[in-house]
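Summary of structural features
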Amino acid sequence: MIVSRRTKEKLIIAALVALTGAAVAPLFWIIGSIVWNGISVMSLEFLTSLPAPFGSSGGGIGNAILGTLIINLFASGLGIPLGILTGIYLAEYAHDSRMGSTVRTIVESLSGVPSLVIGLFAFTLIVLSFRHYTGVAATLALGIMMIPLVAKATEESMRVVSDDLREAGMALGIPKYNITTRIVLSMAKGGVISGSLLAFARISGETAPLLFTALFSFYWPTGIDQPMATLQVLIYNYAISGFADWVAKAWGASLLLVLLVITINVAVRYLGRKKYEGA
Amino acid sequence: MSLSGSKGISKILGIGIVAVVLVAAGLIYYTQSMGAEQPATITAGGASFPYPLISKWVSEYNKLHPAVQITYQSVGSGAGQNGLFAKTFDFAGSDAPLKDSQMEQNPGILHIPETGGGIVVAYNIPNIGSGMNLTADVIAKIFQGNITKWNAPEIAAINPALTLPDLNIVVIRRSDSSGTTNGFTSYLKNASSVWILGSGTTVNWPVGIGASGNNGVASTLQQTPGGVGYLEFFYAKNNSIPFAKVMNRNGQFVEPTLTSISGALGAAAPLLSSDVRASVVNMPGDGVYPISVFTYILVYKDLSYMPEAKAKAVANFLWWIIHDGQSYSESLLYPRLPSSVVTVAEANLKQLTYNGRPLL
Amino acid sequence: MNKKSIFFKDSAFKYLVGGSSLIVVAFFVMIFVMLAVRSYPSIANDPLMIFGSTWDVNSGIYGGIPAILGTLASSAIAVALAVPISLGMSVFFTEYAPRRVRAALSIVIDMLATIPSVIFGIWGLWIVAPLVKTYVQDPIVGSIGFIPLFSGPAYGLSLFLASLVLTFMIVPIISSLTISLLSTTPVELREAMISLGATRWEVVRHVALPFSKLGIFASIILALGRALGETMAVTMVIGNSFVWPFSSISLFSPASTITSKIASELYEAVDVLHVSSLVELGLILLVITLLVNSSARLVITRISRRNASG
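As the structure is a prediction and not an experimental result, all values here were calculated from the model.

Right, let's talk about the overall build of chain C for a bit. When you go through chain C residue by residue, the secondary structure sums to 10 helices and two strands. The linear arrangement of helices and strands in chain C, starting from the amino end, is α-β-β-α-α-α-α-α-α-α-α-α. For chain C, the C-alpha atoms occupy an extent of roughly 75 × 70 × 30 Å along the three principal directions. Relative to its 310 residues, chain C shows a buried fraction of 52%. Counting contacts in chain C only where the partners sit at least 6 residues apart, residues at least 24 apart contribute 76% of the total.

Okay, here's the thing in C-alpha cells:
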C-alpha cells in the first residue's frame, strides 16, 4: 500500500501536534494544580504569621516569605556586582588573551555545576567548619549561582553595542573606563537589568542548596548567621510531611513562589519588548 | 546621542545609592538582632513518634518564655541518639531506650519518659475502611513477606465481614533508625511465634520500601494503593488513614484509641518504677491496645558543657513538659503520663547538675 | 583630569574587573578543593567503598553504586523521552505553526523553563504519582509484567516517575535550542527543495534537521547535564530507596540518585564517615556533570568553527 505524500504529511502533522501537546500540557497542569490547591489556603494570617506546630492547624508562612526575601537580597548583593564586573571583563578586556578565554570557560562551566553541588560547597566551607547551620552559607551558594547568569547577560548586551561608539569615544580622548561604564554599559543597561532580574527569579526557586545551609526555622529570622525559613524549603518539608494541613500550606506557598517567579519573567519580557518598540 | 557627563554621573549615583541602601539595610537588620536580648537557642532532635506533641510544647513554651527558642528536628530516634552523643543536640527524643552497650560508651545520660503513644498498623486498600482485624502472627507474616496479597486466607479468616481484594501487599517500613520500629518489632517478637527478624531500631527487612520518619510512612502510604505500614497513632488519625484492630493478650481485637492506649500505659506504669527502660509492649488487660509504648527524652546528667543560661532553660523546659505540658497531650491523641511515671521522670530530672549544683 | 590620574583610574578599573573575574575562578576551583578535602575521610577509610552496592548507615557501610546508576539511568531515560517530544514540538513550531500559535508556544516554553524544581516535585508527588501508578504502571505490570524491566509490584514513587518528571523539565532546554537552530537553516537550501516539489516535512527531514544535527546533539547533551544534577523534583518522586537495581531491576521500583541521597540525608548526618561519603558522592556528580557539559561545549565550538569557515 503506497501512502500518498499528502497523507503522509497530514499524519506527520498530527503526530507533531500530539508531541507538542505532550510538551506543553504539564505547564497548564502544574499551574492549574497549584492554583486549585493553593488558593484555598490564602489568607492574611497565612501570609503574616509564624508556622503552627506540627499537628496543629492554623499559623502561616510569614517567616518563610521574609526569609526568602532576605536571603535573595544578600545573595544578590554578592552575585550581581561580581556578575556585572566579570561580564564587563569578558566583554571589554578579555579579547584574545589566555586569561580571557580561561575565565570564559570557567564561567560557563560554573553555570553547569548543579545547584546541589554549590550548596554542598557552601556546606563544607562554612557549616562544617563552624559546626553551625547559617544563612551566610546559603547566601554564598545562591550568590555564586547568580554570577554566571548575570555575567553572561552583561557580556552579551555589551557585545551588541556597536564598536563605532567605542571608537568614537576613543577618538574624543575619553578614557577606557569611562567608555566602558558611561557609554557601553549604559547602552547595555537593559540587558544587565533583565539578566539580574532573571537571576533573582532563578535563585528564588533553588531549594537544594538551602537544605543544609539555611536549613529551616519556625521563628522569625534573628540574623543572617542563623538558620532561616525560606519558601522553597518550606514547600519541600511540608509537601513530604504527610500531614494534611502542612501539605495544603505547601500548595499555598507554591502558589506564592510561582507567582513571584512568573511575575519577574513577565516583567522582563515586557521590558524587553518596550525597548524594541521604543527604539 | 549625547555624551554629556550628567547622564553618566546620575547613573553612577543611582547605582551607588542603591548599593548603600542595600548595605545599610543589611547592617541595620543585623545589628538590631544583635543588640536585642540574645535568645537562648536550644537545638534538639530525634524521634518522629512524639514530634506533634513536642512541636506543640516548643511553641507553647516559647509563648511563655519568648527568649527561649527551641528547635526540635524530627530525624528519627537513631539520629537523635547520635546527635546527643556528638553533643550537636542539647537533648534528644528517642522511643527506644539506650542499650546497655550504648550506655557504657556514653555514660551519664538520663532517660526522661515524657509521653507515650500507640503504634498502629495502617493500610491503603480501596473501599476498606478502618477496623480490619489483625493478630500478631498475621502482622508478622505480612511484614516478613510470607503473606503477599490482601485476600490471603489468613487475613480473610479473621475478617469474615470484609470482601478483601486481590491486591498485592506493599510493605512500607522505616528506612531510618527508628524508635517506632523498635517498639513495633519488640511487640512482634513478644507476641508472635513466627516473627524471625528480631527487634531493634533497624532490622533486616526482606521486603518493602523504606520511608523516612513517621510522616514519611504516612505520606508514602497515602500514595501507595495496597500499602501497609506501622506508624504512630496521631499520624494515621490526622491523615484519615485507615488502621487495624489488633488482638491483645486477652484475646480481644482492640481498636487503638486514646482510651485503649492510655489503658495500656497505665497498666505498664509500675514496670517503669523499677526500670525506666522496661519494655511495655503487649500488656495484659481488658481493652488494652497491645502496641503501646513510652517515649523518652535523653539528656546528659551534667550540663556543665553548655552555657549556664541554656542549661537552665533545658532543665526548666523538661520540668515543664512533664507537668503543665501534659495538658496538651490528649488533644493531640497522646495519653497523659500516669502519675507514677511522672514521679520517675521527676526523680531523673532532679539529677541534672551544673558545675556540681543541681539545676532543679 | 591629568594623564596620570586617568591612567591610574583606567588601571584601577581594569584590576577591578579582572580581579572579580579571578574571584569567580577562585570560587570554581574552591568547589573542587573543598569537596575533595571533605570527602577525604571516606576515601582514606576505603577508596572503593563508595562503589559498593549497599548503603547502611547503622553499620557504617556506604556503597553508592545504586545511587550513581540511578542518576545515570533516570537522566538517560528522561533524555530518550524528551528528544522526540522536543523535536516534534520544534518542527511544529518552525514549519507549521501559525504566527499566533508560535508566540503562545514560545511563552509556554519560557515559562516551563522557569518553574522551580520543587514545584515540579510537589506536583509529581501529590498529583502525578497516584495517577501514574493506577493508569500507567498497573496496566503495564498486568500485561507485560513478565519482562523484568516492567515487573511489579508497581510503586508510584519510582525510577519511572522520576524519569518522567525529568523529561518535562528538560524538554524546554532541547526545544528552545532546536527551534533557533532550525530557524537558521539557510534559505537557499530550503527553497531549492521546495522548488523540487518537496512537502514541508520532507524539507525538514532532508534539509533542516540534518543541517542542525550537531547543534541538536549539543542541546541534548546540555539537557543531559541538567538532568544529572536535578535534585528536588527527583528527590520527591523517586522513592529514595536502594530497591533498584539490585533487589529489582523494574523501572517501577523505588530508586535513589546521588542528588536524592544527599538531599535527604546530609542535614541529619552526624557521623564523619557518613558526611564524607555523601560529599564524595557529590564530588562524583560534579565530575560527571562537568565532563558532560564540556563535551557539549566542544561540539558547539566545532559548529561555530565550521560555520565561520563554511
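As a further point, take the overall build of chain A. Scanning chain A for helices and strands turns up 10 helices and zero strands. Helices (α) and strands (β) of chain A occur, in sequence order from the N terminus, as α-α-α-α-α-α-α-α-α-α. Each of the three principal axes of chain A carries a C-alpha extent, and together these read 75 × 70 × 35 Å. Counting across all 279 residues of chain A, residues that qualify as buried make up 56%.

Contact with chain C, which involves 68 residues of that partner, is made by 65 residues of chain A. Per-element tally for the side of chain C that touches chain A: the top contributor is helix H1 (residues 3-45) of chain C, with 20 residues.

Turning next to the sheet that holds strand E9 (residues 245-247) of chain B. All names here are of chain B. The sheet built from three strands is open, its strands ordered E5-E9-E10 with mixed pairing. Edge positions in the open sheet fall to strand E5 (133-134) and strand E10 (253-254), since each of these has one partner strand only. With two bridges connecting them, E9 and E10 associate as antiparallel partners. Its bridge partner lying in E10, Met-247 is registered against Phe-253.

This part takes up the interface of chain C and chain B. By convention, interface size is frequently given as the accessible area that disappears when the constituent parts associate. Opposite the 18 residues of chain C that make contact, chain B presents 19 residues. In terms of residue count, the dominant contributor to the side of chain C that touches chain B is helix H4 (residues 117-144) of chain C (four residues). For the side of chain C that touches chain B, the class distribution of residues is eight nonpolar, seven polar and three charged.

This part covers unusual backbone geometry. Here the residue pair Trp244(C) and Pro245(C) is connected by a cis peptide bond, since its omega of -5 degrees sits within 30 degrees of zero. With respect to the secondary-structure elements, Pro245(C) resides in the loop between helix H8 (232-237) and helix H9 (258-265). Phi is positive for Leu215(A), close to 55 degrees, though the residue is something other than glycine. Here Leu215(A) is to be found in the loop between helix H8 (176-204) and helix H9 (231-239). Phi is positive for Leu333(B), which is not a glycine, with a value near 70 degrees. Along the chain, Leu333(B) falls in the loop between helix H11 (308-322) and helix H12 (339-349).

Turning our attention to the sheet that holds strand E7 (residues 209-211) of chain B. Sheet strands associate in pairs through backbone hydrogen bonding, adopting either a parallel or an antiparallel arrangement. All names here are of chain B. Overall, mixed pairing links the eight strands, which are arranged E2-E1-E3-E11-E4-E8-E6-E7 in an open sheet. Lying at the two open borders of the sheet, with one neighbouring strand each, are strand E2 (68-74) and E7. Between one strand and the next, the sheet's axes are offset by a mean angle of 25 degrees, whatever the strand orientation. Here strand E4 (residues 109-123) runs beside strand E11 (residues 292-300); their pairing, made up of nine bridges, is antiparallel. Within the sheet, the bridge partner assigned to Gly-116 lies in E11 and is Phe-294. Along the sheet face, helix H2 (residues 51-64) touches E2, strand E3 (91-94) and E4 and points at about 170 degrees away from the line of E2. The sheet strands contacting helix H7 (residues 179-191) are E3, E4, strand E6 (170-174), strand E8 (227-232) and E11, and the helix crosses E8 at an angle near 105 degrees.

Attention shifts here to the confidence of the model for chain C. The predicted coordinates of low-pLDDT regions are not to be read in fine detail. This prediction gives chain C a mean pLDDT of 89; 98% of its residues lie at or above 70. Model confidence for the complex: the whole-complex pTM is 0.87, and ipTM, which rates the interface, is 0.91.

Of all eight residues that make up H9(C), eight are buried, and the element is covered over most of its length. When H9(C) is considered as a whole, its buried residues turn out to be Ile258(C), Thr259(C), Ser260(C), Lys261(C), Ile262(C), Ala263(C), Ser264(C) and Glu265(C).

We now examine the packing of H9(A) against H4(C). Packing of H9(A) against H4(C) brings their axes to within 10 Å, and their N-to-C directions diverge by 15 degrees. Taken together, H9(A) and H4(C) sit at an angle that is classed as roughly parallel. Pair H9(A) / H4(C) crosses with left-handed handedness. Touching Gln232(A), Ile235(A), Tyr236(A) and Ala239(A) of H9(A) are Val118(C), Gly121(C), Ile122(C) and Leu125(C), all from H4(C).

All names here are of chain A. Take Pro-51: it is sitting in the loop between helix H2 (44-48) and helix H3 (62-93). You can call Pro-51 buried: it has 25 C-beta atoms within 10 Å. Taking the C-alpha atoms as reference points, Pro-51 and Ala-64, 13 residues apart in sequence, are found 9.0 Å from one another. Excluding residues within four positions of it along the chain, Pro-51 makes contact with Gly-59, Gly-60, Ile-61 and Phe-218.

Time to look at the pairing of strand E1 (residues 40-46) of chain B. Residue and element names in this part refer to chain B. Within E1, five of the seven residues are buried, which leaves the element mostly enclosed by the surrounding structure. Bridge count between E1 and E2: seven bridges; the pairing is parallel. By the bridge assignment, Thr-43 is partnered in E2 with Thr-71. One crossover worth recording links E1 to the parallel E2 by way of H2, and it is right-handed.

All names here are of chain B. Compared with an ideal rise of 1.5 Å per residue, which puts 13 residues at 18 Å, H7 spans 18 Å between its outermost C-alpha atoms and is within 8% of the ideal. Taken across its 13 residues, H7 has 12 buried, putting it largely inside the fold. If you check which residues of H7 are buried, you get Gly-179, Thr-180, Thr-181, Asn-182, Gly-183, Phe-184, Thr-185, Ser-186, Tyr-187, Leu-188, Lys-189 and Ala-191.

Let's shift gears to the nonpolar core. Across soluble globular proteins, nonpolar side chains show a tendency to be buried alongside one another. Grouped together as the largest cluster of nonpolar side chains are 296 residues, with contacts concentrated most on Ile235(A), Ile170(C) and Val237(C). At 17 residues, the largest contribution of residues to this core is made by helix H5 (residues 159-183) of chain C. Ignoring any residue separated from it by four or fewer positions in sequence, one finds Val237(C) in contact with Gly121(C), Gly124(C), Leu125(C), Ala129(C), Leu157(C), Leu161(C), Ala162(C) and Val165(C).

What follows deals with the environment of Gly205(A). Structurally, the position occupied by Gly205(A) is in the loop between H8 and H9. For the pair Gly205(A) and Gly77(A), spaced 128 residues apart in sequence, the C-alpha to C-alpha distance is 18 Å.

Calculation criteria
- Residues numbered from 1 in each chain as written.
- Chains lettered and ligands numbered in written order.
- Predicted model: local features only at pLDDT ≥ 70, side-chain atom pairs only at ≥ 80, totals over all residues.
- Helix = DSSP H or I, 4+ residues; strand = E, 2+ residues; numbered from the N terminus.
- Buried ≥ 20, exposed ≤ 12 C-beta atoms within 10 Å, placed from the backbone.
- Contact = placed C-beta atoms within 7 Å.
- Pairing = 2+ DSSP bridges.
- Nonpolar A, V, L, I, M, F, W, Y, C, P; charged D, E, K, R; others polar.
- Axes fitted to C-alpha atoms, helices over the stretch in contact; angles between N-to-C directions.
- pLDDT = per-residue confidence, 0-100.
- Parallel < 35°, antiparallel > 145°, perpendicular 65-115°, else oblique.
- Left-handed = near helix turned anticlockwise from the far one by under 90°.
- Right-handed = clockwise from strand over helix to strand, strands pointing away.
- Expected span 1.5 Å × (residues − 1).
- Core = buried A, V, L, I, M, F, W, Y, C linked by C-beta atoms within 7 Å.

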